[in-house]
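Commentary on secondary and tertiary structure
One-letter residues, chain by chain:
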Amino acid sequence: MEGKKMKNVKKKIAMYWGAGCGGCDVSLLGIHEKLLDLLDEIEIVFWPCAMDIKYEDLEKMEDKSIDIAFYNGAIRTEENEEIAKLLRKKAKLMVAYGSCAIEGCVIGLANLYNKKEIFEAVYLKNETTKEKILPSRDLPEFLPYLKTLDQVVKVDAFIPGCPPPKPVLEEALDALLQGKTKFGKEVALCEECPRKDTKPEKIEISKFYRWHEKEDNGECFLAQGIICMGPATRAGCKGECISANIPCTGCMGALPRVRDQGAAMLSAIASLLDVEDEKEDEVIDSIKDIIGTFYKYSTAKLLPRGGMKDES
Amino acid sequence: MARRIGVFVCHCGVNIAGVVDVERVAEEIKKHPNVVFATTYQYMCSDPGQNLIRQKIEEENLDAVVIAACSPAMHEETFRNVCKDYFNPYRCEMANIREQCSWVHDGKEATEKAIKIVKATVEKLKENEDLLPILVPVEKRCLVIGGGIAGIQAALDIADAGYEVILVEKEPSIGGRMAQLSETFPTLDCSQCILTPKMVALSRHPKVKLYAYSEILDISGYVGNFTVKILKKPRYVDEDKCTVCGDCEKVCPVIVPNEFEMGRKPRKAIYIPFPQAVPSTYTLDREACLGLAPLTCAQCKDACEAGAIDYDMQPKIVEEKVGAIIVATGYNLYDKNKLVEYGYGEDDDIITSLEFERMLSASGPTQGKIIKPSTGEVPKKIVFIQCAGSRDRQHMPYCSSICCMYTAKHALLYKHHVPDGEAYVFYIDIRATGKGYEEFIARVMEEERINYIRGKVAKIYREGNKLIVCGVDTLTGRRIEIKADLVVLAMAIVGKEETKEIAKLLKVAIDEGGFLKESHPKLKPVEALSRGIYFAGCCQSPKDIPSAVAQASAAASKVLALFAKDRLEKDPLVAVIDEEHCSGCGVCISVCPYGAMTWQNGKAKCIEALCEGCGTCAAACPSNNIEMRNFKDEQIEKMVEVVI
Ligand SMILES: Cc1cc2nc3c(=O)[nH]c(=O)nc-3n(C[C@H](O)[C@H](O)[C@H](O)COP(=O)(O)OP(=O)(O)OC[C@H]3O[C@@H](n4cnc5c(N)ncnc54)[C@H](O)[C@@H]3O)c2cc1C
Ligand code: SF4
Ligand code: SF4
Ligand code: SF4
Ligand code: SF4
Ligand code: SF4
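This text gives an overview of the structure that appears in the document. Everything numeric here is computed off the predicted structure, so don't read it as measured data.

Here is what the cut-offs are and how they apply
Residues numbered from 1 in each chain as written. Chains lettered and ligands numbered in written order. Predicted model: local features only at pLDDT ≥ 70, side-chain atom pairs only at ≥ 80, totals over all residues. Heavy atoms only, no water. Helix = DSSP H or I, 4+ residues; strand = E, 2+ residues; numbered from the N terminus. Buried < 20%, exposed > 50% of the residue type's maximum accessible area, 1.4 Å probe, protein only. Contact = heavy atoms within 4.5 Å. Polar contact = N/O pair within 3.5 Å; in protein donor to acceptor, adjacent residues only side chain to side chain. Near = heavy atom within 4 Å. Nonpolar A, V, L, I, M, F, W, Y, C, P; charged D, E, K, R; others polar. Lys, Arg positive; Asp, Glu negative; His and termini not counted. Salt bridge = Lys/Arg side-chain N within 4 Å of Asp/Glu carboxyl O.

Points about the environment of arginine 235 of chain B
All names here are of chain B. Topologically, arginine 235 is positioned in the loop between strand S12 (225-232) and helix H9 (247-251). Taking the relative accessible area as the measure of exposure, arginine 235 reaches 3% and is therefore buried. With 50 residues separating them in the primary sequence, arginine 235 and aspartate 285 have C-alpha atoms 7.4 Å apart. The residues touching arginine 235, leaving out its near neighbours within four places in the chain, are Pro172, Ala212, Tyr213, Pro279, Thr281, Tyr282, Thr283, Leu284 and Met313. In this structure the side chain of arginine 235 is engaged in a polar contact, spanning 2.9 Å, whose partner is the backbone oxygen of proline 172.

This is the structure in structure tokens:
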């Protein structure tokens, strides 16, 4: 740290908010005092949410003049896609920031439907929408399906989480400022879970409960029959949700050796079932919303072309 | 270094070549990268076949081979042994083009599939690592659970070979069911007379440590290295001091039913199950006793001149280390109350076959007299019902295997006791497959004039002093009604509840009848799926004494083979965990069917000696953190690639 300060060459940083909830932009503020330390080392050159800057200004910047560009949110519109490409051109390091940019996140669930279905649901059939108007004029085109950042441009580093939890972000920023693009834990959440020591000798599940359906006895959620994505989810958050008595939903994404987080967890859970063959179907049916449970964050990765049904 | 792979395609007579164009398989595979040689042969596993492999390995300078033939379960060992002389045996793989191809397909597709199977196997082989067997030390002591005839025989065989045996019997005495029987078919020797010498031999054997009146609490470990926790229940009588004088029994005021007599005779709270019991000692039944305290009763303690009675005796837990385990926990009879639809339930004059055995025994509740329990009279008409609860979809679907034989014995003994009596036997078929058995049945049917009726009993009901047995003779179609004095049910033989608990500890599967499941019904009938665990006697399936004894000796010989080596060699195809990246989620530990995955410092650890390489854990690990040796993800991917 000290050495860098003496050099006093501040790294140029950009941050862009694509299709996402905005939590990621806020998460950067969530590192509190650390942000002030950081400001000694960085210069923010582009952050539409926090400073007055136009796309033309970005265009004018020299290629590769930005040291690190953080892109949060997914790519849902032509505008998102354009800025992603532009940032890629201007930045030395392109970083996918948060679950939406990395794997599509909750809004990636929209890839289960086509554009028409989405527009109908949102603008026409939604009960709270009084004037049924489809947006048309002067808006960037809504893409046929949602894309993740690395489906559009080459990405150098990934900061997982929805949004990236504080310890994850701190480690990532330290690493990136030192030019490292590999960081974070490569082990699943159970390792650092506050409930780990309550795991029984053997986990056997004979019935699934939704989180609100069972009185929490304070033990490992999975052992209680409450689906916890922790075993299939990268550690690093220190079990923020578990500490708040909420099972992990998997926002940190799959382990490095796993291609499909949902499938990994499903096969683990299927192996843990302790019911007679005839009752298996019934027990499996008691899992509500399979996709929302196991693919809450990774549907866009799973269905990059959008849609499970055959449609154009 | 690129492998030089040779492929040997077997015809297996017409088994493979009759369906698959083996020549084309060889031609096609020759074109596959790294395959430098391919040929076919009539029977690869024959001596000339094996020699062909040797010759080609030398001539063609092969450093790995694929044998495209039957299942690796059949001949992998054969071919790996051939290759062992030239290179690491794990460079030999079998491609199963018989069970998985020629036997289940036909036409052109079969050949295409065979080619794909062989290609996939070549791809797997390319990435195989050279491996050495895992060596596991062996504790050369054997645990036998259950002291019936099967357990006794197995223990004696092993002890006679010079190895220590720990025999655990939960009842006060060893002997099991055989001690309850009167005379045994087909030669009608007295059961006790042939059993007791073995019981005594066992108790005197310097290599046998007998824990009677004891229970297994826990078993951990694996082949060669089990740790067993045994609970020695307090008898409150010192085995060494008790002289079996019986003074205590005389004064004891408590009377309860005697289990050994199937409840048909009383015993005291302090008792010996039968006179020849081993160990030879009285046992105080704590549940029945008035209080175990000098103030409440203490009559027995006062009466015992030997000073053998000790009310302060405590349960003891001992730990023993053993290398092998034989389970010989025997059988029970199916509960006759479950046959209510026939009216078999509560009537005093409807008894089970084991109750009848006790009745026939000179030391039994009636001193060997056959009586009608309700009145004490000699029954003049007796009905035996075979397959009671067996071969019945509503109850036990299987054949209990010995009921035909002992029912014939019962009918014969009845005629010897009551020459002017009439005996009827209801049967479905007569199954008398043992040596001398058919002759025995013929003798009973002809010489003793027993009425064998082919058919099932539909209902039994009481009419005054008699039981009315209604059935149909399926040979003549005639309806039959017999006014019987006594009905004897040849109840189905079922596994014991206790066996289920032992099976759980040992992670052995149990079938619908409650019997232990063997590793292979034909080729490994006395072995469990996990190594180092063997079965003997009726806990594996219903059987007669000769079969139980033979199985016991078979199990013993398996144990002796295990003990013949100081270290066990084990297939190294085990699960390998990347410890650094294990989160300790516990999924693998929960799913391993062999108990090979355990906790260690919050992470999973594979006990290689126990791992059977089944891959369940690798498929379940949500971190994809477990790799099967020589079945790595990359190998599987390459195999899939050439197949699709
Ligand atoms: C009515 C009848 C008549 C028969 N007549 C004949 C005949 O004439 N000829 C013939 O060949 N066969 C006959 N049989 C069959 C014969 O009884 C069996 O073949 C034989 O007894 C089987 O011996 P075993 O050692 O397998 O089981 P068992 O005799 O049942 O012995 C098992 C032992 O294990 C003990 N045990 C159980 N669980 C545990 C535990 N958890 N821990 C410690 N100990 C445990 C039990 O207490 C028992 O001592 C007859 C069977 C019946 C029902
Ligand atoms: S399964 Fe969930 S609750 Fe259980 S230890 Fe893992 S992260 Fe914690
Ligand atoms: S516990 Fe799971 S869902 Fe919650 S922050 Fe951590 S990774 Fe995300
Ligand atoms: S009185 Fe004593 S020695 Fe005699 S049988 Fe009873 S316990 Fe044994
Ligand atoms: S491979 Fe099978 S036996 Fe071995 S540890 Fe895994 S689950 Fe257990
Ligand atoms: S399943 Fe995988 S991550 Fe979980 S304990 Fe086993 S090896 Fe570790």
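Side note on the site of ligand 1
All names here are of chain B. Within the structure, ligand 1 sits among 37 residues, and Glu169, Arg177, Lys409, Lys543 and Ile545 are positioned closest to it. Within the backbone of lysine 170, an N or O atom sits 3.2 Å from a nitrogen atom of ligand 1. Of all the secondary structure elements, the ones that give two or more residues to the shell around ligand 1 are helix H7 (149-160), strand S8 (183-184), strand S19 (331-333), helix H11 (353-360), helix H12 (403-417), helix H14 (497-506) and helix H15 (545-563). No other element matches the three residues that H11 contributes to the shell around ligand 1. Grouping the constituent residues of the shell around ligand 1 by class yields 17 nonpolar, nine polar and 11 charged.

Considerations on the side chain of glutamate 169 of chain B
Residue and element names in this part refer to chain B. On the secondary structure map, glutamate 169 appears in the loop between strand S7 (164-168) and S8. Here glutamate 169 occupies a buried position and makes no salt bridge, while the nearest side chain of opposite charge, lysine 170, is found at 5.1 Å. Those residues in contact with glutamate 169, other than ones at most four positions away along the chain, are Gly146, Gly147, Gly148, Ile174, Tyr211, Ala212, Tyr213 and Ser214.

A word on the pattern of salt bridges
Residues and elements named next belong to chain B. A full pass over the atoms with the stated rule returns 58 salt bridges over all chains. Across the salt bridge formed by aspartate 485 and lysine 466, the nearest N and O atoms sit 2.8 Å from each other. Taken together, the residues aspartate 485 in the loop between strand S26 (478-484) and strand S27 (486-491) and lysine 466 in strand S25 (residues 466-473) connect sequence positions 19 residues apart. Between lysine 500 and glutamate 497 there is a salt bridge whose closest N-O contact spans 3.1 Å. With lysine 500 and glutamate 497 both in helix H14 and three residues apart, the pair spans about one turn of that helix. A residue is classified by how much of its surface remains accessible, and glutamate 497, at 51% relative accessible area, is exposed.

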